[in-house]
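# Inside the fold
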Amino acid sequence: MKTLTCSLLILSLAFLASTASYAQEETDIETLRAADVNSDGMINVLDLVLIASHFGEIVAEDQTPSPDVNGDGSVNVLDLVLVANHLGETVRPPVAFVSVDPEIGSELVMNDSITLTFDNPPADVTVSTGTATIDENSVTITGPFTVGDLELTVTWTDGTETLSYTVRPVAAFVSAEPESGVVITTEDSITLTFDHPPQDVTTSTGTATTDENSVTITGPFTVGDLELTITWADGTETLSYTARPVVAFVSADPESGTEITTNDAITLAFDHPPADVTVSNGVAITEGNSVTITGPFTPGDLELTVTWEDGAETLSYTVRPLVAFVSAEPESGVEITTEDSITLTFDNPPQDVTTTTGTATTDGDSVTITGPFTPGELELTITWSDGSLTFTYTVVAPDTEAPSITGGTVSDGDTDVDPSATIEIVFSEDVRGLVTLRTEADDNVGWITTFDGNKVMLTPVPGKELDPETTYVITGKVRDAANNGTEINITFTTASAYDGIPIEVTDANFDTVVLGSKLPIVVEFYTDW
Amino acid sequence: MVPVVAEIASENKNTFAVGKLNREENLETSRKFGIRYQPIYIIFKDGEEVGRFAGETPKNEFVQNVLKAIN
């Protein structure tokens, strides 16, 4: 009976509905969805049938589908009428928010877009910030957004969703140091500056380290052309460089800490050719991997700083004067004996002295070369730290024979020596020494003594003439080149002052002239007639 | 004084000297040495008479007489 009654009602309502005019727009969507009891999107007779099948029943609130269209707790004719009023209408399904990308709570940049996905195409979408574009089940919201916290409310026909984000600024590349296109070393680092802190930075080569607005790319890089692509969350920048090796100091010759001379050169070796070399002292010449620094340097402590494009090296030296030969005694080319020594004089103390013959002894600025030497021609090469010289000598047996008197104007025992004449003594060889003319009482007469080769001359001095018929002594000692000495002792008597003209003798002068004469005298006694 | 004596004096000046004394004008000395004849030649050495000879004497003999007396 219940079924028959409902069927009649349904038919009646269906008839009414077919003749009635309803506007869906005038009815809220919730009412329409309630009328679509079987939720098939259409309000039709099937919904009426479903109500009729539960007609008169009390339904639970959560029963689905619910034939209690008006929600009054029972299935009755009002429910049938409500459905009948909308028979033939289409009911949109409810649109639910599914997801959002990027997810809520994440960080955005000003120009990012936010895409919401719904289970059905949403309608009447509005957003609190930005612009919403609907495409099927998606709604894309584009900014630009204001930097800071973003509370974005999306509203559509069936609901509202509030999304929270943090909006950060877009990081734009500003500059690179060193700038793209230049030459860098394999060990250099490249610093990129952005207007805002970049995120998610990656580099095609090397290692990227981000610090605030800067990103530092460190190598080591491979020698050659370097194409460096930096990618960050907001962009990509490609920089081009030519990477060259880092020039490192290898060694110095002479090595630091040693002694050099004022004119020495210092050579530094590098592992690659250095560029832009400067030095604190001297002049630097670069050739290949080497730098040669020449002075002259000032004697004393030398702190030498060498700077090149990749570094600096400080070298310490003690600079000593260059030692130059001054003289040799005896000089080269002369005759020496087997026992002689040769003394070389330098302007400064020589170092590391060696000799090809004999023994070298250094004392201050002098070097003494001692033998014995072999008789014959001697070629003697002396080498010291700053030079080398060769001397030649003729070596003979040593002279052991003392010089002897071989002649002269006065001999020992002479009694008629001219008191006014220069006295000359001749020796067997060249001599030197001290010879004086003295009285018998050993008083120096004061004559001038000169040595000339193998001769000794005693020259009269005005006012110091010798007395006639007086005994004098030439005394002293002479030596030859080998230092062989000879004592000199020549005693002589000067001649009389008598001139060979007979002397006039008188009683008055007889005692003086005759008896006092040092010469024997013959007196002629005569008469003048 | 004969010229030869002057020659002897000149030629032997380094060995002995020659003097001449006028007997008439220097009687004291003449008497002292007992001069009676002339010419007389008296040879002195170191203040002492060491010889004498008289008369005209050849040059060589004169010198020999002197040298013999003084040596």
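In this text, all values refer to a predicted model and were calculated from it rather than measured experimentally.

Conventions we followed
Going along each chain's sequence as written, the residues are numbered from 1 onward. The order in which chains are written sets their letters, starting at A; the order in which ligands are written sets their numbers, starting at 1. Since the coordinates come from a predicted model, pLDDT governs what is reported: local features require at least 70, and pairs of side-chain atoms require 80 or more to be given and counted, while whole-chain, interface and lining totals use all residues. Side-chain figures throughout are based on the complete set of non-hydrogen atoms in the structure, without hydrogens or water. In what follows, a contact means two residues having at least one pair of non-hydrogen atoms within 4.5 Å. Take the accessible area each of two parts loses on contact, using a 1.4 Å probe, and add the two losses: that sum is the buried area. We count a salt bridge whenever a side-chain nitrogen from Lys or Arg sits within 4 Å of a carboxyl oxygen from Asp or Glu. Only runs of H or I of at least four residues qualify as helices and only runs of E of at least two qualify as strands under DSSP, and these elements are numbered from the N terminus. What marks off one domain from the next here is an automatic or database domain assignment. For every residue, the accessible area obtained with a 1.4 Å probe (protein chains only) is divided by the maximum for its type, and the residue is called buried under 20%, exposed over 50%, and partly exposed between those limits. N or O atoms within 3.5 Å of each other form a polar contact, as long as, within protein, one can give a hydrogen and the other can take it, and as long as residues adjacent in sequence are counted only when both atoms are side-chain atoms. In this analysis, rings of Phe, Tyr and Trp, with Trp reduced to its six-membered ring, are considered paired at centre separations within 6.5 Å, and the interplanar angle assigns stacked below 30 degrees, edge-to-face beyond 60, and tilted for intermediate values. Any two strands between which DSSP finds at least two bridges are classified as paired. Geometry is summarised by axes, namely lines fitted to C-alpha atoms with helices restricted to the contacting stretch, and by angles between N-to-C directions that run from 0 to 180 degrees. To estimate the expected span of a helix, count its residues, drop one, and scale the result by 1.5 Å. By construction, the arc corresponds to the directions joining the helix axis to the C-beta atoms. Nine residue types can take part in a nonpolar core, namely buried Ala, Val, Leu, Ile, Met, Phe, Trp, Tyr and Cys, and a core is a set of them joined through side-chain atoms within 4.5 Å.

### Side note on the interface of chain A and chain B
Counting from both sides, the interface comprises 24 residues of chain A and, opposite them, 39 residues of chain B. Counting the surface lost from both chain A and chain B, the interface buries some 3,100 Å², and carbon and sulfur atoms represent 56% of this. When the buried surface of chain A facing chain B is broken down by residue, A:V522, A:E524 and A:F525 rank first, second and third, together holding 28% of it. Among the ionic pairs, A:E504 bridges to B:K20, the shortest N-O distance being 3.7 Å. Contributions of two or more residues to the side of chain A that touches chain B are made by β40 (503-505), α5 (510-515) and β41 (521-526) of chain A.

### Side note on the domain arrangement of chain A
Under the domain assignment used here, chain A contains domain 1 (2-85), domain 2 (97-168), domain 3 (173-244), domain 4 (249-320) and domain 5 (325-396). On a C-alpha basis, the centres of domain 2 of chain A and domain 5 of chain A stand 104 Å from each other.

### Things to note about the environment of A:N213
Residue and element names in this part refer to chain A. Among the structural elements, N213 can be located in the loop between β13 (207-211) and β14 (214-218). Take N213: its relative accessible area is 26%, and that puts it in the partly exposed class. If near-sequence neighbours (up to four positions away) are discounted, N213 is found in contact with L192, T193, F194, D195, H196, P197 and P198. Within polar-contact distance, the side chain of N213 engages the backbone oxygen of D195 at 3.3 Å.

### A closer look at the pattern of salt bridges
A complete count under the given rule lists 14 salt bridges over all chains for this structure. Notably, a salt bridge pairs A:R244 with A:E309, separated by 3.2 Å at the nearest N-O pair. With A:R244 in strand β16 (residues 235-244) and A:E309 in the loop between β23 (300-308) and β24 (311-320), this residue pair connects regions lying 65 residues apart in the sequence. Classification of A:E309 as partly exposed rests on a relative accessible area of 35%. Two residues, B:E24 and B:R23, come together in a salt bridge whose shortest N-O distance is 3.1 Å. Judged by relative accessible area, which is 38%, B:E24 ranks as partly exposed. A single salt-bridge network, built from bridges that share partners, covers A:E107, A:R168 and A:D234.

### A few points about the packing of aromatic side chains
Residues and elements named next belong to chain A. Taken as a whole, this structure holds 17 aromatic pairs over all chains when the rule is applied. Between the aromatic rings of F173 and F194, the centroid separation amounts to 6.0 Å while the plane-to-plane angle is 75°, which identifies the pairing as edge-to-face. Separated by 21 residues along the polypeptide, F173 in strand β9 (residues 173-177) and F194 in strand β11 (residues 189-194) bring together distant segments of the chain. Taking the relative accessible area as the measure of exposure, F173 reaches 23% and is therefore partly exposed. Considering the side-chain rings of F194 and W232, the 4.7 Å spacing of their centres and the 70° angle between planes classify their relative orientation as edge-to-face. Of this pair, F194 sits in strand β11 while W232 sits in strand β15 (residues 224-232); the two residues are 38 residues apart in sequence, bridging distant segments of the chain. You can call W232 buried: its relative accessible area is 6%.

### Here we look at the pairing of strand β5 (residues 131-135) of chain A
All names here are of chain A. Of the strand pairs in this sheet, β5 and strand β6 (residues 138-142) are connected by five bridges, and their pairing is antiparallel. Counterpart to A132 in the pairing with β6 is I141. Between β5 and β6, which follow one another and run antiparallel, lie two residues, and E136 among them has a positive phi close to 55°.

### Quick notes on the sheet that holds strand β19 (residues 265-270) of chain A
Residues and elements named next belong to chain A. The strand order across the open sheet formed by four strands is β17-β19-β22-β21, and the pairing between neighbours is antiparallel. Looking along the sheet, the strands with just one partner apiece sit at the ends: β17 (249-253) and β21 (283-287). Across this sheet, the average inter-strand angle for adjacent strands is 20°, counted without regard to direction. Pairing geometry for β19 and strand β22 (residues 290-294), over five bridges, is antiparallel. Across the sheet, the residue bridging to I266 is I293, located in β22.

### A word on helix α3 (residues 59-70) of chain B
All names here are of chain B. The first and last C-alpha atoms of α3 sit 17 Å apart over 12 residues, in line with the 16 Å expected at 1.5 Å per residue. When α3 is considered as a whole, its buried residues turn out to be F62, V63, V66, A69 and I70. Down the axis of α3, the buried set is contained in an arc of 130°. They therefore lie on one face. Opposite the packed face of α3, turned more than 90 degrees from it, sit the exposed residues N60, Q64 and K68.

### Things to note about the nonpolar core
In terms of nonpolar packing, the biggest core is built from 30 residues, with A:V514, A:F525, B:F44, B:F62 and B:V66 touching the most fellow members. Elements with a minimum of two residues in this core: α5 and β41 of chain A together with α1 (3-11), β1 (17-22), β2 (40-45) and α3 of chain B. The contact partners of A:F525, leaving out residues within four places of it in the chain, are B:L21, B:T29, B:S30, B:F33, B:I35, B:Q38, B:P39, B:I40 and B:I42. With 19 residues, the next largest nonpolar core counts A:V417, A:W447, A:L458 and A:I474 among its residues.

### Here we look at the side chain of B:N26
On the secondary structure map, B:N26 appears in the loop between β1 and α2 (27-32). Note on B:N26: relative accessible area 7%, which makes it buried. Those residues within four positions of B:N26 in sequence are excluded, and the remaining contacts are A:V505, A:T506, A:D507 and B:L21.

### Quick look at the sheet that holds strand β38 (residues 471-479) of chain A
Residue and element names in this part refer to chain A. An order of β35-β38-β39 is seen for the three strands of this open sheet, with the pairing classed as antiparallel. The open sheet is flanked by β35 (432-439) and β39 (485-493), the only strands paired with a single partner. Within this sheet the neighbouring strands show an average axis-to-axis angle of 10°, counted without direction. By the bridge criterion, eight bridges tie β35 to β38 in an arrangement that is antiparallel. Of the residues in β38, the one forming a bridge with R432 is R479.

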